[in-house]
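Analysis of the macromolecular model
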Amino acid sequence: MCPEVPLAPAARLSRDSAVPAAGPRAGRAQCGAVPPPLPPRAVTAPAPPRPAEPGPPPGPGRACPAREPPAMQPRGPGPAEPRRAVPLGRSRARSRGAAGTALLPSMLMFGVILASSGLLLMIERGILAQVGPPPLHPPAGPSRRDGRDSPAELELEVLRDTRNRTIRALCGQRSMPRSVWELPPGQRRTVLRHLLVSDKYRFLYCYVPKVACSNWKRILKVLDGALESVDVQGKMDHKSDLVFLGDMKPEEISYRLKHYYKFIFVRNPMERLLSAYRNKFGEIKEYQQKYGVEIIRRYRKNGGNSAGDDVSFSEFLQYLLDEDVERMNEHWMPIYNLCQPCAVRYDFIGSYERLRADANHVLEHIQSPSFVRFPERQAWYKPVTAETLHYYLCNTQRRLIRELLPKYILDFSLFAYPLPNITSEFCRQ
């Protein structure tokens, strides 16, 4: 029999999460070889229509209108109004607008979701203000014996609850995808190309560039026997000796999405963008030639002679502002578009801010060998500090940052990261 490994309560998603747990052994029904895949799921059959939800009861002194059937009544408060003729051009415009937003919730509902997330964050700040500031990397472990949670544990619990509530609110909308098969082909290819598979330990990991994905790939190679140790020196090969979910057949994909343990690691969106900018345009010649030369040519006068190694952070943000999200390079594509947390129900969402503790939790859950540990940070790596982020944000046009935020707003909201503070008072500090 497979030994039972119960999860720590603080590390599991909440009971009412959008990613409900299937028990302490979720996704590990058997030991040893992977069972034969289940029959492929029907990917072309449309989902059955959902029954209409009953509307609010009529208010006092107001009778239910009977001129038209209930399905024909306009939604919202107030009595029904007679239909008016709509010009043909306006009708076509509305049709085009409806088609362009088929996969997004209404602006009103989306505003409610964001407002709810902001309210939860404000509640979190209020709670934490009473118990004192937590350390930057709170330690993992059970609560203290006196029954009171430490500030770090309280912060972690509130953070996870905020993420769970926000993901449930957004992904619960009818227009949001429920599986990878409901995604458009381009979005489905992206997420399946970023889901790495370990059949031996029965898990799926959605890698996000600039969120310690190289170290996680090292761990996968060690677990599969392709690498002796996570400390082996040398340039990381991001393709060989790795199994990608997108290379499998539809029935094999569906089986693993249903039965395997799925996790993802996230990071503050602006910090991730700054890390990508400093690494790719300051150190990698291939990115300088492929992207840097084009950015300078596009946004700088008389920049035709540049080698692409002097791209400014403002020019990089302007490039992101003009770029289509679906066509972005994976190093600065939003995490939502890379890993699709509504279409893939992740069992665990780790964070870059608690990298070691969250990584140890995942390794314990998948029952990895004791000699496998998360690698130490390389000596040459230059982390993005709070002071570095402060410097770059405060020396960038505020207009660029404000206009860029909508492209990454789902990363901020779903994963409970505060919006960047670029006020004059903050930048004078």
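Calculation notes
- Residues numbered from 1 in each chain as written.
- Predicted model: local features only at pLDDT ≥ 70, side-chain atom pairs only at ≥ 80, totals over all residues.
- Heavy atoms only, no water.
- Helix = DSSP H or I, 4+ residues; strand = E, 2+ residues; numbered from the N terminus.
- Buried < 20%, exposed > 50% of the residue type's maximum accessible area, 1.4 Å probe, protein only.
- Contact = heavy atoms within 4.5 Å.
- Areas by Shrake-Rupley, 256 points an atom, 1.4 Å probe, with all protein chains shown as cover.
- Pairing = 2+ DSSP bridges.
- Phe/Tyr/Trp six-rings, centres within 6.5 Å; stacked < 30°, edge-to-face > 60°.
- Lys NZ or Arg CZ within 6 Å of the ring centre and 35° of its normal.
- pLDDT = per-residue confidence, 0-100.
- Axes fitted to C-alpha atoms, helices over the stretch in contact; angles between N-to-C directions.
- Parallel < 35°, antiparallel > 145°, perpendicular 65-115°, else oblique.
- Nonpolar A, V, L, I, M, F, W, Y, C, P; charged D, E, K, R; others polar.
- Left-handed = near helix turned anticlockwise from the far one by under 90°.
- Disulfide = S-S within 2.5 Å.

**Brief notes about the overall build of the protein**
When you go through the protein residue by residue, the secondary structure sums to 14 helices and 4 strands. A total of 429 residues make up the protein; the buried ones form 43% of that total. Nonlocal contacts in the protein, meaning residues at least 24 apart in sequence, comprise 71% of its contacts between residues at least 6 apart. When the accessible surface of the protein is totalled, it reaches about 24,700 Å², and 56% of it is carbon and sulfur.

**Brief notes about the pairing of strand β4 (residues 348-351)**
Residues F348 and G350 point to one face of β4 and I349 and S351 to the other, with burial holding for every one of them. Relative to β4, strand β3 (residues 261-266) is paired through 4 bridges, and the arrangement is parallel. In the strand pairing of β4, I264 is matched with I349.

**Topic: the packing of aromatic side chains**
The way to describe two aromatic rings as a pair is by their centre distance and the angle between their planes. Per the counting criterion, the structure on display carries 22 aromatic pairs. Ring geometry for Y255 versus Y260: centroids 6.4 Å apart, planes at 75°, classification edge-to-face. Neither residue differs from the other here; Y255 and Y260 are each classed as buried. Clustering of aromatic rings is evident, with ring pairs tying together Y277, F281, Y287, Y291, F313, F316, W332, Y391 and Y392. A cation over a ring is seen here: K217 above Y207, with NZ or CZ 3.9 Å from the ring centre.

**Considering the confidence of the model for the protein**
Per-residue pLDDT for the protein has a mean of 75; in total, 64% of the residues score no lower than 70. Ignoring residues within four places in sequence, the model shows residues 1-36, a span with pLDDT below 50, making 60 contacts including any to other chains.

**Quick notes on the packing of helix α8 (residues 285-299) against helix α9 (residues 313-322)**
The geometry of α8 relative to α9 is characterised by a closest axis approach of 10 Å and an angle of 90° between their N-to-C directions. The angle between the axes of α8 and α9 places the two elements in the roughly perpendicular class. Between α8 and α9, the residues in contact are Y291, I295, I296, R298 and Y299 and E315, Q318, Y319 and D322, respectively. Along the lines of polarity and charge, the residues of the contact of α8 with α9 split into 5 nonpolar, 1 polar and 3 charged.

**Topic: the packing of helix α7 (residues 269-282) against α9**
Where α7 meets α9, the closest approach of the two axes is 11 Å, and the angle between their N-to-C directions is 115°. Judged by the angle between their axes, α7 and α9 are roughly perpendicular. Here α7 runs over α9; the crossing is right-handed. Contact residues: L273, L274, Y277 and F281 in α7; F313, F316 and L320 in α9. By residue class, the composition of the contact of α7 with α9 is 7 nonpolar, no polar and no charged.

**Quick notes on the sheet that holds strand β2 (residues 203-206)**
Whether parallel or antiparallel, the strands of a sheet pair through hydrogen bonds between backbone atoms. The sheet built from 4 strands is open, its strands ordered β1-β2-β3-β4 with mixed pairing. Of all strands in the sheet, those bounded by a partner on one side alone are β1 (195-198) and β4. Between one strand and the next, the sheet's axes are offset by a mean angle of 25°, whatever the strand orientation. The strands that helix α5 (residues 213-223) touches are β1, β2 and β3; relative to β2, the one it contacts most, it runs at about 155°.

**Side note on the state of the cysteines**
Tallied over the full model, the rule gives 3 disulfides. Disulfide partner of C171: C342, at an S-S distance of 2.0 Å. Disulfide C171-C342: the torsion about the S-S bond is -75°, which places it as left-handed. Here the residue C171 occupies a position in helix α3 (residues 151-171), and C342 occupies one in the loop between α10 (335-339) and β4, the gap between them amounting to 171 residues. For the residue pair C171 and C342, the accessibility class agrees, reading buried in each case. Disulfide pairing places C394 opposite C427 at an S-S distance of 2.2 Å. Around the S-S axis, the bridge from C394 to C427 shows a dihedral of about -80° and counts as left-handed.

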